[in-house]
Structures are given as structure tokens and as C-alpha cells.
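What the coordinates show
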Amino acid sequence: MNQYEHLANSVVYSIRGSKAALVHKDSSLKLVGEGRSAFAFRIKGTELVLKVFFPQFEKVAAEEAGIYKELAGNPFFPALHESGSNYLVMDYVRGMTLYQCLVNGMPIAAGHIEEVDQALKLAREKGLNPSDIHLRNIIITPDDEVKLIDVARFRQTKRCSQWEDLKTAFYKFYRHDRFPKKMPEPAMNIIAFIYKKGLLPSIN
């Protein structure tokens, strides 16, 4: 058993309704993200993230590991260093997600949108179909560069309009002087919920 597998095995959680609650972890792990399928931890003293998947999502772990390998060399995505049956070890990406930028009033520039487009173009050139691109998986680093994370759905075959919808909203609304550049988190969550339900009118 290697170091990373040992750390992954230290993660214990309980299920509360549809969500997992962290119960125990190794002291060298700092929780930095949690989602429907996994917890993400920064490994203290390193610039690495350990993403630990719940048992029912181990196939997602394998899928995401394979996609990160295909994206190797693409500067817009973190590098994959190791993977196991239920975990990935990747670069730790410092910065703020676009969601955090909106909540905190940090400006988002047209150049950031163009960088995301370039990242997705390079991914498509690898034969991938970038999907599930949303505000929480696009990060602006302290060096003002864009990084994308969470690529598990980059092989799905159906068309995903999420990024095009966000990009249209940026150019059509966000850049207007009167559009609020800082939005309260409850409002953001309501908008996201309505969008997922398909209840927002088309903006294209």
C-alpha cells in the first residue's frame, strides 16, 4: 500500500440523506471540496490534492483518471500524478472559482472567457467532448490564469450547452455597467437551481 492509498483509506464518512458527511481523515489532509461523488483534500506540506470517491462512484474515478491522462500537457488543466481504484492525486490549484468571484465581487474579464474557450478547444482536439462546465469548476489563479477541474463527463456523447449559456450570459448581461458584479450566495443558488430545472428563458 503506497502513501496515497493509505491516505485515501483513512477517509471515513457517513451518509445523511443524499449527502455524505466526513467522519474521519488523516491529520495531513485538509478538506478543500466536497461534491456528489467525492471529497477533495489538500495534502498538507504539498501542492497536491487527493480526491477520494465514494464506493458507488469508483467507475467515475477510473473515468476521470483516464480523461486527465488524455489531457496531459494541456496547461489549462491540473496534472494527474497518480490514481487508484477510488482516488486521484492531482496538482492543487490556488485561486477562486467563477462562482466565488461572483459572490465576492471579484471581476471576471473577457480574457478569462477566451481562455476557457481555448482550454475546451484543446480538449476537443484530443477527441473529448467537454461537458458539465459550470461556475464551480473554472478557477482564476493568483497569476490571473484559468484552470478547469472536474472532467469526468468529458467523454459523454450528448451535447452540453452549459458553457455556451454561461458565455452568452457573460457577454449579454455581466459586462453591462448596471449588472451587479457581486451577487449574494442565496441568489446564485436559486439561479443555478432554476437553470438546472430548465426554467430559465433562452438567452441565446
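In this report, we go over the structure that sits alongside the text. Remember, predicted model here, so these are calculated numbers, not experimental data.

Description of the sheet that holds strand 9 (residues 138–140)
Strands sit in the order 8-9-10 across an open sheet of three strands; the sheet is antiparallel. Pairing within the sheet leaves two strands with one partner each, and these edge strands are strand 8 (96–97) and strand 10 (146–148). Pairing analysis gives three bridges linking strand 9 to strand 10, with the strands arranged antiparallel. Bridge assignment links Ile 140 to a residue of strand 10, and that residue is Val 146. The strands touched by helix 4 (residues 110–124) are strand 9 and strand 10; relative to strand 10, the strand with the most contacts, the crossing angle is about 45 degrees.

Describing the packing of aromatic side chains
Inspection of the entire model under this criterion finds eight aromatic pairs. Ring centres of Phe 39 and Phe 54 lie 5.2 Å apart, and the angle between their planes is 80 degrees; on these two criteria the pair is classed as edge-to-face. Of this pair, Phe 39 sits in strand 4 (residues 38–43) while Phe 54 sits in the loop between strand 5 (48–53) and helix 2 (58–70), placing them 15 residues apart in sequence. Phe 39 gets classed as buried once you look at its relative accessible area, which sits at 2%.

Looking at the side chain of Asn 137
Looking at where Asn 137 falls in the secondary structure, it is placed in the loop between helix 4 and strand 9. On the basis of relative accessible area, Asn 137 is assigned to the buried category, the value being 1%. Engagement of the side chain of Asn 137 in a polar contact is seen with the backbone oxygen of Asp 132, the distance being 2.8 Å. Leave out the neighbours within four places in its chain, and Asn 137 touches Asp 132, Lys 147, Leu 148, Ile 149 and Asp 150.

Section: the packing of helix 4 against helix 5 (residues 162–174)
Viewed as axis vectors pointing N to C, helix 4 and helix 5 meet at an angle of 160 degrees, and their least axial separation amounts to 11 Å. Classified by the angle their axes make, helix 4 and helix 5 are roughly antiparallel. In the packing of helix 4 onto helix 5, the handedness of the crossing is left-handed. Here Ala 110, Ile 113, Glu 114, Val 116, Asp 117 and Leu 120 of helix 4 lie close against helix 5, whose contacting residues are Trp 163, Lys 167, Phe 170 and Tyr 171.

Calculation rules
- Residues numbered from 1 in each chain as written.
- Predicted model: local features only at pLDDT ≥ 70, side-chain atom pairs only at ≥ 80, totals over all residues.
- Heavy atoms only, no water.
- Pairing = 2+ DSSP bridges.
- Helix = DSSP H or I, 4+ residues; strand = E, 2+ residues; numbered from the N terminus.
- Contact = heavy atoms within 4.5 Å.
- Axes fitted to C-alpha atoms, helices over the stretch in contact; angles between N-to-C directions.
- Phe/Tyr/Trp six-rings, centres within 6.5 Å; stacked < 30°, edge-to-face > 60°.
- Buried < 20%, exposed > 50% of the residue type's maximum accessible area, 1.4 Å probe, protein only.
- Polar contact = N/O pair within 3.5 Å; in protein donor to acceptor, adjacent residues only side chain to side chain.
- Parallel < 35°, antiparallel > 145°, perpendicular 65-115°, else oblique.
- Left-handed = near helix turned anticlockwise from the far one by under 90°.

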